[in-house]
Amino acid sequence: MNFSLTEEQELIQQAARDFAQNDLFPEVIERDEAQRFPKEEVRKMGELGFLGMMVDPKYGGSGLDTLSYVLVMEELSKVDASSSVIVSVNNSLVCWGLETYGTEEQKEKYLTRLSTGEIIGAFCLSEPEAGSDATSQKTTAIDKGDHYVINGTKNWITNGSSAEVYLVIAQTDKDKKHKGINALIVEKGAEGFEIGPKENKLGIRGSDTHSLIFNDVKVPKKNRIGDDGFGFKFAMKTLAGGRIGIAAQALGIAAGAYELALKYSKERKAFGTEISNHQAIAFKLADMHTQIEAARHLVYKAAWDKDNGNDYDLSGAMAKLYASQVAMETTVEAVQIHGGNGFVKDYHVERLMRDAKITQIYEGTSEIQKIVISRSILKR
Ligand SMILES: Cc1cc2nc3c(=O)[nH]c(=O)nc-3n(C[C@H](O)[C@H](O)[C@H](O)COP(=O)(O)OP(=O)(O)OC[C@H]3O[C@@H](n4cnc5c(N)ncnc54)[C@H](O)[C@@H]3O)c2cc1C
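Visitor: What exactly am I supposed to notice about the overall build of the protein chain here?
Guide: Along the backbone of the protein chain there are eleven helices and nine strands. Here the C-alpha radius of gyration of the protein chain, 21 Å, is about what a compact globule of 380 residues would show, namely 21 Å. Taken along its principal axes, the extent of the C-alpha atoms in the protein chain is 80 × 45 × 40 Å. The proportion of buried residues among the 380 residues of the protein chain is 55%. Counting only contacts in the protein chain whose residues sit at least 6 apart along the sequence, the fraction spanning at least 24 positions is 74%.

Printed below as a string of structure tokens:
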């Protein structure tokens, strides 16, 4: 076993840390309050190669491993989870899906621009009545010979108004149930494609989450990803890798809150001494540190599994389940360690606490992760 990072991984980690401190940190509170999308910051992340991290350089990507991607997600999320979710969706759901299952023509047309950050993408599976139960797709993509016609509504779509390319999952043949679902590439501006209002959210308020409405939207057949009926499998395969990115986001949120709490506990005095000298606070820090380290091992192991061609359904689900729980618990404790200051925005931990919650919900809720984990261990 080898627990060390390579020199290249350490350099990438440091680059993400510097970017988070120098570029994300200064206006993170303002963006959260105003629900402002980090447009300029996303452009810079594209320049740094953070938007197509695992994509082959021949399609404009950085050609790195999943562990490097996880390290970047962790560092960005310590400071700004609104920005890191944009990175996660673009890398794990859009670029990975297109590179792994797209045609050469689709890769040339879309992947290069997506992986350099010239444009960003969105992944559109959830619907008003199809979240955890993603097989209950009501959005239809009717086969009309050389094209499909899409009708329906997608909900809670990350990068909803900022994306230029949308991977849309829709039902073509209802009788075939999940085997009659397709994944189609839809471009912004397609006739009949409307972007609904922005959601006003508890956390990750800088990311733009929208519903999307499709009214007789025509999509050429060459925009279908994979064979007819591959759409549901495409979504599940893509989300299995996506979970590793969200697990890394949760890990970063937890680690960011812990670092702030540790620093504060050494500065703030109560009863004539720094609060870290009170055992109640020191023990909280000990628990937080231990849980974060355990989460880190699960997340890195899932990334390692993916990089080594192992099955990562189980390790990815365990990483997301545990890291998101640690993110929630750790951020609550970080607010507690900050006392009254923890409750005000200037100290950042209240935002991290609000941001942590989403990691237990999107890309499969914690309950759904337990279904994935239990199925996996029981079939052995
Ligand atoms: C900010 C944000 C961004 C998002 N981004 C995207 C995106 O980019 N693309 C996209 O497609 N979706 C996105 N989503 C949607 C997200 O993936 C879903 O909200 C999530 O999968 C849960 O679905 P749901 O909201 O319909 O909850 P439901 O499925 O209605 O679940 C409600 C509750 O019931 C539980 N539950 C449901 N089924 C079971 C079961 N079988 N056993 C036990 N418990 C169960 C759930 O765990 C949950 O606690 C986003 C959501 C949010 C809030």
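Visitor: Help me understand the site of the ligand in this model?
Guide: The ligand sits among 19 residues. The nearest are Ser 126, Ser 132, Trp 156, Thr 365 and Glu 367. Measuring from an oxygen atom of the ligand, one finds a side-chain N or O atom of Ser 132 at 2.6 Å. Here Thr 365 contributes a side-chain N or O atom positioned 2.6 Å from an oxygen atom of the ligand. Here the ligand loses 65% of its free accessible area of 980 Å² to cover by the protein chains. If you list the elements that add at least two residues to the shell around the ligand, you get strand E1 (121–124), strand E3 (147–158) and helix H11 (366–378). The residue inventory of the shell around the ligand, partitioned by class, reads ten nonpolar, six polar and three charged.

Visitor: Would you take a moment to explain the packing of aromatic side chains for this structure?
Guide: Think of a pair of aromatic rings as described by two things: how far the centres are apart, and how the planes are tilted against each other in angle. Per the stated rule, a full pass over the model turns up nine aromatic pairs. Centroid distance Phe 19 to Phe 50: 6.3 Å. Interplanar angle 85°. Geometry classified as edge-to-face. Here Phe 19, found in helix H1 (residues 7–24), pairs with Phe 50, found in the loop between helix H3 (39–47) and helix H4 (66–79); they are 31 residues apart in sequence, far enough to count as distant. Linked through ring pairs, Trp 96, Tyr 101, Phe 123, Phe 230 and Phe 234 together constitute an aromatic cluster.

Visitor: Whenever I open this one, helix H10 (residues 349–358) confuses me. Can you help?
Guide: Each full turn of the α-helix corresponds to 3.6 residues, which orients residues three or four apart in the same direction. For H10, the tally of buried residues reaches seven of ten residues, placing the bulk of the element in the interior. Regarding H10, the residues found buried are Val 349, Glu 350, Arg 351, Leu 352, Arg 354, Asp 355 and Ala 356. For H10, the elements touching its buried residues are helix H2 (28–34), H4, helix H5 (81–101), helix H7 (231–267) and helix H9 (313–337).

Visitor: Sorry if this is basic, but what is going on with unusual backbone geometry here?
Guide: The bulk of non-glycine residues show a negative phi, and the bulk of peptide bonds are trans. The backbone of Lys 177 sits at a positive phi, close to 50°, despite the residue not being glycine. We note that Asp 216 has phi near 50°; this positive angle belongs to a residue other than glycine. Mapped onto the secondary structure, Asp 216 falls in strand E7 (residues 209–220). Under the relative-accessibility criterion, Asp 216 is labelled exposed at 53%.

Visitor: It is not clear to me how H7 should be interpreted in this structure. Could you clarify?
Guide: With 37 residues, H7 should cover 54 Å at 1.5 Å per step; its first-to-last C-alpha distance of 54 Å lies within 8% of that length. If you look at H7, its biggest bend is around 25°, right at Ala 240. Burial runs high along H7: 28 of the 37 residues are buried.

Visitor: What's the story with the pairing of strand E4 (residues 165–171) in this structure? I'm lost.
Guide: Remember that side chains alternate between the two faces of the sheet whenever the strand is regular. Across the seven residues of E4, seven count as buried, placing the element largely inside the fold. Along E4, one buried face is formed by Val 165, Leu 167, Ile 169 and Gln 171 and the opposite face, lined by Tyr 166, Val 168 and Ala 170, is buried too. Looking at chain direction, E1 and E4 are connected through four bridges and run parallel. Opposite Cys 124, over in E4, you have Val 168 as the bridge partner. In this structure, E4 lies alongside strand E5 (residues 181–187), joined through seven bridges in antiparallel fashion. Looking at E5, one finds that Ile 169 is bridged to Ala 183.

Visitor: Is there a simple way to explain the pattern of salt bridges in this structure?
Guide: Between side chains of opposite charge, a pair can form as their charged atoms come close. Evaluation of the coordinates by the stated rule reveals 22 salt bridges. Of the charged contacts in the structure, one is a salt bridge between Glu 259 and Lys 78, with a shortest N-O distance of 3.1 Å. Remark: Lys 78 occurs in helix H4 and Glu 259 occurs in helix H7; sequence separation between them is 181 residues. Taking the relative accessible area as the measure of exposure, Glu 259 reaches 41% and is therefore partly exposed. The exposure class of Lys 78 is buried, given its relative accessible area of 14%. What emerges from the salt-bridge pattern is a single network uniting Arg 17, Glu 75, Lys 78 and Glu 259.

The rules we used
- Residues numbered from 1 in each chain as written.
- Predicted model: local features only at pLDDT ≥ 70, side-chain atom pairs only at ≥ 80, totals over all residues.
- Heavy atoms only, no water.
- Helix = DSSP H or I, 4+ residues; strand = E, 2+ residues; numbered from the N terminus.
- Rg over C-alpha atoms; globule rule 2.2 N^0.38 Å.
- Buried < 20%, exposed > 50% of the residue type's maximum accessible area, 1.4 Å probe, protein only.
- Contact = heavy atoms within 4.5 Å.
- Near = heavy atom within 4 Å.
- Polar contact = N/O pair within 3.5 Å; in protein donor to acceptor, adjacent residues only side chain to side chain.
- Areas by Shrake-Rupley, 256 points an atom, 1.4 Å probe, with all protein chains shown as cover.
- Nonpolar A, V, L, I, M, F, W, Y, C, P; charged D, E, K, R; others polar.
- Phe/Tyr/Trp six-rings, centres within 6.5 Å; stacked < 30°, edge-to-face > 60°.
- Expected span 1.5 Å × (residues − 1).
- Bend = angle between axes of the 7 residues up to and from the residue.
- Pairing = 2+ DSSP bridges.
- Salt bridge = Lys/Arg side-chain N within 4 Å of Asp/Glu carboxyl O.

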